[in-house]
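One-letter residues, chain by chain:
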Amino acid sequence: MGKNFRETLNERLKDPQFKREYDALEPEFQIIQALIDGRKEKNLTQKQLSELTGINQADISKLEKGNANPSIRTLQRLAAGMDMSVKIEFIPNHNSLI
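Residues numbered from 1 in each chain as written. Predicted model: local features only at pLDDT ≥ 70, side-chain atom pairs only at ≥ 80, totals over all residues. Heavy atoms only, no water.

Draft legend 1. Up close: helix 4 (residues 46–53). Considered for burial, the residues of helix 4 that qualify are Gln46, Leu49, Ser50 and Thr53. Viewed along the axis of helix 4, the buried residues span an arc of 105°, placing them on a single side of the element. Summarising the geometry of helix 4, the exposed residues directed more than 90 degrees from the buried face are Lys47, Glu51 and Leu52. Packing partners of the buried residues in helix 4 comprise helix 3 (26–41), helix 5 (57–65) and helix 6 (72–81). A positive phi of about 80° marks Gly54, the residue just after helix 4. (Buried < 20%, exposed > 50% of the residue type's maximum accessible area, 1.4 Å probe, protein only. Helix = DSSP H or I, 4+ residues; strand = E, 2+ residues; numbered from the N terminus. Arc of directions from axis to C-beta. Contact = heavy atoms within 4.5 Å.)

Draft legend 2. Fine view of the layout of surface pockets. Approximately 1,300 Å³ is the volume attributed to the largest pocket. Forming the boundary of the largest pocket are 39 residues, of which Glu26, Pro27, Glu28, Gln30 and Ile31 lie nearest the centre. Among the secondary structure elements, those contributing two or more residues to the lining of the largest pocket are helix 2 (16–24), helix 3 and helix 6. Considering each element in turn, the lining of the largest pocket owes the most residues, 10 residues, to helix 3. Of the residues belonging to the lining of the largest pocket, the class tally is 22 nonpolar, nine polar and eight charged. (1 Å grid on protein atoms, 1.4 Å probe; cavity = no way out; pocket = protein on both sides within 12 Å on 5 of 7 lines; lining within 4 Å. Points joined across faces, edges and corners; volume = space filled by probe spheres on them. Nonpolar A, V, L, I, M, F, W, Y, C, P; charged D, E, K, R; others polar.)

Draft legend 3. The environment of Arg39, seen in detail. One can find Arg39 in helix 3. Residue classification places Arg39 among the buried residues on the basis of a relative accessible area of 9%. On a C-alpha basis, the gap between Arg39 and Met82 in space is 6.6 Å, while along the polypeptide they are 43 residues apart. When residues no more than four places from it in sequence are discounted, the contact partners of Arg39 are Leu44, Thr45, Gln46, Leu49, Glu64 and Met82.

Draft legend 4. Structural view of the environment of Tyr22. Along the chain, Tyr22 falls in helix 2. With 10 residues separating them along the chain, Tyr22 and Arg12 place their C-alpha atoms 9.7 Å apart. Beyond its immediate sequence surroundings of up to four residues, Tyr22 is in contact with Leu9, Leu13 and Phe29.

Quick look at the structure:
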């Protein structure tokens, strides 16, 4: 039987170059997950969030699939539609080679 996604990913993460690229995408994954979690927490469909924010439902879908790169303004509009706010912070990079 073939490997599942998690097993394949864990194997690929052993490659330092792949891991660096994967880790670089982490902020995007966090934004996507926060959007999905926030929408579900408020029991909103993409269509309902679209109606609240004026952001096209297709664009919300693209964001949730990772096929778009939202501006901070767009994230603020989405958060406001869910009665939330956006928090962005810079944190020390403990694994930096600099």
